[in-house]
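Residue strings, one per chain:
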Amino acid sequence: MTLTARSLRLQRGGRTLLDGIDLALAPGELLCLLGPNGAGKSSLIRCLDGIWKPGGGTVEVDGHPLSRLPREALARAIAYVPQQGGETLGLSVAEMVTLGRAAHRHRESAAERRAIVRSVLARFGLEPFALRPFDALSGGERQRVLIARAVAQDARYMLLDEPTSALDLRHQIDALRQVRELVDASGIGALMAIHDLGAAARFADRIALMSEGRLVAVGDWRAVLTPDRLREVFGVAAHVGEIEGIPYILPAEVR
């Protein structure tokens, strides 16, 4: 059982965004997707979620072609956390999180749905905001709601596109820890695009490093985030190491 991209290719606006991507996300795994702006991280996530149709290659969910899955089956398989919330039509925080249960509406009672939503709101510390309009929240608060909505969806795989970009330092760590704990407790597979190399190394099981639409390396952070490779991909000289078991990547010089 995996969420798998095979020879994935994508062109948009005359640009090659993905060039032969082969990548598999397993249940119980947190895989962090790293790379500079324009590397193809968001494009890959959108293809894996079916938002964009690739120009070549395939995406499979547990052995089934993504393109053939009915909408509700797709929603039960994959939850997506975008960088921004998009049009919300004046929904409250509780209503936004409740949207995550849409694919389960024929399988649970209204009381069961409300109980699940309350539990997720409490888990993310969102109870005080439950009745507040989503559009009235700060950027960081909105991002927490979007992650909570994806958790409420109870899918087998979760795709997160830079979920910590609008969060302050404390809430970045909280969000990453929540995703790590969710993966460990429920056995879902989570793929997260993120810019913080140190945080990715700390929380991820594997790192996938991208550059110019291609995968440069995939594996343990120690093997992937080497000084030579960081210089090659990011154009930065960096010191890489650990302090009391916590990884760090310290930029030293721009090439």
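Being a predicted model, the structure only gives us computed values, none of them experimental.

For this particular structure, what's the right way to read the sheet that holds strand E10 (residues 214–219)?
Spatial ordering of the open sheet is given by E6-E7-E8-E3-E9-E10, a layout of six strands whose pairing is mixed. Each end of this open sheet is capped by a strand with a single partner; those strands are strand E6 (78–81) and E10. Averaged over all pairs of adjacent strands, the angle between their axes in this sheet comes to 15°, without regard to strand direction. One ladder, built from four bridges, connects strand E3 (residues 30–34) with strand E9 (residues 206–211); its direction is parallel. Note that in E9 the partner of Cys32 across the bridge is Ile207. Relative to strand E7 (residues 157–161), helix H1 (residues 41–48) is tilted by about 150°, and along the sheet it contacts E3, E6, E7, strand E8 (189–193) and E9.

Sorry if this is basic, but what is going on with the environment of Gly90 here?
Examined against the element boundaries, Gly90 turns out to sit in the loop between E6 and helix H3 (93–98). Here Gly90 falls in the exposed class, since its relative accessible area comes to 54%. C-alpha of Gly90 to C-alpha of Glu60: the two residues are 30 residues apart in sequence and 35 Å apart in space.

Mind showing me how you'd approach the sheet that holds strand E1 (residues 3–12) here?
Each strand in a sheet pairs with its neighbour through backbone hydrogen bonds, running either in the same direction (parallel) or in the opposite one (antiparallel). Ordered by their spatial adjacency, four strands build an open sheet running E2-E1-E4-E5, and the pairing between neighbours is antiparallel. One side of each edge strand has no neighbouring strand; the edge strands of this open sheet are strand E2 (15–25) and strand E5 (64–65). Here E1 pairs with strand E4 (residues 56–61) via five bridges, running antiparallel. Within E4, the residue paired with Thr4 across the bridge is Glu60.

When you look at the environment of Ala122 in this model, what are you seeing that I'm missing?
Assignment of secondary structure puts Ala122 in helix H4 (residues 110–123). Placed 26 residues apart in sequence, Ala122 and Ala148 show a C-alpha to C-alpha distance of 9.8 Å.

Help me out: how do you make sense of the side chain of Arg144 in this one?
Topologically, Arg144 is positioned in helix H5 (residues 139–153). Although Arg144 is buried, it makes no salt bridge; Glu141 carries the closest opposite charge, 5.4 Å away. Side-chain polar atoms of Arg144 contact the backbone oxygen of Phe124, separated by 2.9 Å. Leave out the neighbours within four places in its chain, and Arg144 touches Phe124, Gly125, Leu126, Leu167 and His171.

Looking at this structure, I do not really get empty space enclosed by the protein. What am I missing?
Using the criterion set out here, one finds one cavity of 30 Å³ or more in the structure. Quantified by volume, the largest cavity comes out at close to 50 Å³. Along the walls of the largest cavity sit Leu3, Ala5, Leu23, Ala24, Leu25, Leu31, Leu48 and Leu191, which together make up its complete lining. Contributions of two or more residues to the lining of the largest cavity are made by E1 and E2. Tallying contributions element by element places E2 first for the lining of the largest cavity, with three residues. Of the residues contributing to the lining of the largest cavity, the split by class is eight nonpolar, no polar and no charged.

When you look at the nonpolar core in this model, what are you seeing that I'm missing?
As a rule of thumb, soluble globular proteins bury nonpolar side chains together. Ile207 and Leu225 are the most contacted members of the largest nonpolar core, which has 54 residues in total. With seven residues, the top contributor of residues to this core is H5. Once you skip the residues sitting within four places of it in the chain, Ile207 turns out to touch Leu31, Cys32, Leu34, Ala200, Ala201, Ala217, Val218, Gly219, Trp221, Val224 and Leu225. Of all hydrophobic cores here, the second largest spans 30 residues; its members include Leu10, Ala39, Leu48 and Ile78.

Help me understand a nonpolar patch on the surface, please; the structure alone is not making it clear to me.
There is a patch of nonpolar side chains on the surface, built from Ile243, Tyr248 and Leu250 and spanning about 290 Å² of accessible area. In this fold, Leu250 is placed in strand E12 (residues 246–254). Residue Leu250 is classed as partly exposed on the basis of its relative accessible area of 47%.

Definitions and cut-offs
Residues numbered from 1 in each chain as written. Predicted model: local features only at pLDDT ≥ 70, side-chain atom pairs only at ≥ 80, totals over all residues. Heavy atoms only, no water. Pairing = 2+ DSSP bridges. Helix = DSSP H or I, 4+ residues; strand = E, 2+ residues; numbered from the N terminus. Axes fitted to C-alpha atoms, helices over the stretch in contact; angles between N-to-C directions. Contact = heavy atoms within 4.5 Å. Buried < 20%, exposed > 50% of the residue type's maximum accessible area, 1.4 Å probe, protein only. Lys, Arg positive; Asp, Glu negative; His and termini not counted. Salt bridge = Lys/Arg side-chain N within 4 Å of Asp/Glu carboxyl O. Polar contact = N/O pair within 3.5 Å; in protein donor to acceptor, adjacent residues only side chain to side chain. 1 Å grid on protein atoms, 1.4 Å probe; cavity = no way out; pocket = protein on both sides within 12 Å on 5 of 7 lines; lining within 4 Å. Points joined across faces, edges and corners; volume = space filled by probe spheres on them. Nonpolar A, V, L, I, M, F, W, Y, C, P; charged D, E, K, R; others polar. Core = buried A, V, L, I, M, F, W, Y, C linked by side-chain atoms within 4.5 Å. Patch = residues over 30% accessible without salt bridge, like charges linked within 9 Å, V, L, I, M, F, W, Y side chains within 5 Å. Areas by Shrake-Rupley, 256 points an atom, 1.4 Å probe, with all protein chains shown as cover.

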